[in-house]
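Residue strings, one per chain:
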Amino acid sequence: MTHPTPSILALIGLRCSGKTTVGRALAEHSGVPFVDLDEEVARAAGVPHVATLIERDGIDELRRLEVACLRELTSRADGPMVLSTGGGTVESEEARRVLEQEVFTVWLRAPLALLRERMRSDASNPRPSLVAEGDEFAVLDRRRAPWYGDVARLAIDVEGASPEELAARIEARWLRSE
């Protein structure tokens, strides 16, 4: 199987859009490694989860480490990889530059109601709210959607499709981008 240059495919989107689930399915379907940027950031910070990092050191430190880990992953990649980013990775101008210029970036879009339902049903992954007040998904969607659109080479609507279906659709577009 041949892969395009850039050989790294990064999934972006709001939390609960399926970046990790679809990313794992895509990596398995494509036969390439999967990397979760949140896990890399947590490891770099010496914490079990990025939520702990946010609570301990604040959101600015999370964003700094996201960029550092993203840069390291893209510079050391020696072949194809699927990368699941954090929902707010696009908040950093430097991260956006990497996503736009160095990887094949795919935006997983979902209706806000679906994202809210997924978050309510995922008690295994507690995440702090990232906004002081208001509907977190609506606030973050308004702020981040333009950035997602700017860096994405492909936008995929996730509603009504299984992770495997999404993986197959994404892989087909990734391979055609050569």
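Preceding block: the structure.
Let me sum up the structure you'll find in this document.

Parameters at a glance
- Counting restarts for each chain: residues are numbered from 1 in the order of the written sequence.
- It should be noted that, the model being predicted, local features are given only for residues of pLDDT at least 70 and side-chain atom pairs only at 80 or more, the latter also being counted only at that level, while totals for whole chains, interfaces and linings use all residues.
- Values shown for side chains rest on all heavy atoms present in the structure; no hydrogens or waters enter the calculation.
- Think of each axis as a best-fit line through the C-alpha atoms, taken over the contacting stretch in the case of a helix, with angles from 0 to 180 degrees between the N-to-C directions.
- Numbered from the N terminus, helices here are DSSP runs of H or I no shorter than four residues, and strands are runs of E no shorter than two.
- Roughly parallel covers angles under 35 degrees, roughly antiparallel covers those over 145, roughly perpendicular covers 65 to 115, and oblique covers all other angles.
- In this analysis, two residues are considered to be in contact whenever any of their non-hydrogen atoms come within 4.5 Å of each other.
- For two strands to be treated as a pair, DSSP must find no fewer than two bridges joining them.
- N or O atoms closer than or at 3.5 Å make up a polar contact, with two conditions inside protein: a donor-capable atom paired with an acceptor-capable one, and, for residues adjacent in sequence, both atoms drawn from side chains.
- When the centres of two rings from Phe, Tyr and Trp lie within 6.5 Å, Trp using its six-membered ring, the rings pair. Their planes under 30 degrees apart give stacked, over 60 give edge-to-face, and anything left gives tilted.
- Buried means the residue's accessible area, taken with a 1.4 Å probe over protein chains only, is under 20% of the maximum for its type, while exposed means over 50%, and partly exposed covers the values in between.
- A positively charged side chain is recorded as over a ring if its NZ (Lys) or CZ (Arg) lies within 6 Å of the ring centre. The angle to the ring normal must also be within 35 degrees.

1. Topic: the packing of helix α3 (residues 50–57) against helix α4 (residues 59–76)
Next, step 1: Taken N-terminus to C-terminus, the directions of α3 and α4 make an angle of 130°; their axes are 7 Å apart at the nearest point. It follows that α3 is oblique to α4 by the angle criterion. Within the contact between the two elements, α3 uses V50, L53, I54 and D57 and α4 uses I59, E61, L62 and L65.

2. Some words on the sheet that holds strand β4 (residues 104–109)
Next, step 1: The five strands lie next to each other as β2-β3-β1-β4-β5, forming an open sheet whose pairing is parallel. The open sheet has two free edges, formed respectively by β2 (34–36) and β5 (154–157), since each of these has just one partner strand. Neighbouring strand axes in the sheet, compared pairwise and without regard to direction, differ in orientation by 25° on average.
Next, step 2: Relative to β5, β4 runs parallel, the two sharing four bridges.

3. Quick look at the side chain of T74
Next, step 1: Among the structural elements, T74 can be located in helix α4.
Next, step 2: A distance of 3.4 Å separates polar atoms of two side chains, one belonging to T74 and the other to E102.
Next, step 3: Discounting chain neighbours no more than four positions away, the residues touching T74 are I8, V98, E102 and V103.

4. Here we look at the environment of V151
Next, step 1: Along the chain, the position of V151 falls in helix α7 (residues 136–151).
Next, step 2: Taking the C-alpha atoms as reference points, V151 and T105, separated by 46 residues in sequence, lie 6.7 Å from one another.
Next, step 3: Not counting the four nearest positions on each side in its chain, V151 is found in contact with I12, V90, R96, L99, E100 and T105.

5. Some remarks on the packing of aromatic side chains
Each aromatic ring pair is specified by the distance between its two centres and by the angle formed by the two planes.
Next, step 1: Summed over all chains, the structure comprises one aromatic pair.
Next, step 2: Measuring from centroid to centroid gives 5.5 Å for W107 and Y148, while their planes differ by 40°, and the two rings are tilted. Separated by 41 residues along the polypeptide, W107 in strand β4 and Y148 in helix α7 bring together distant segments of the chain. Pair check on accessibility: W107 and Y148 agree, each one buried.
Next, step 3: The ring of W107 is capped by R109, whose NZ or CZ atom sits 5.4 Å from the centre of that ring.

Purely geometric numbers; function is a separate question.
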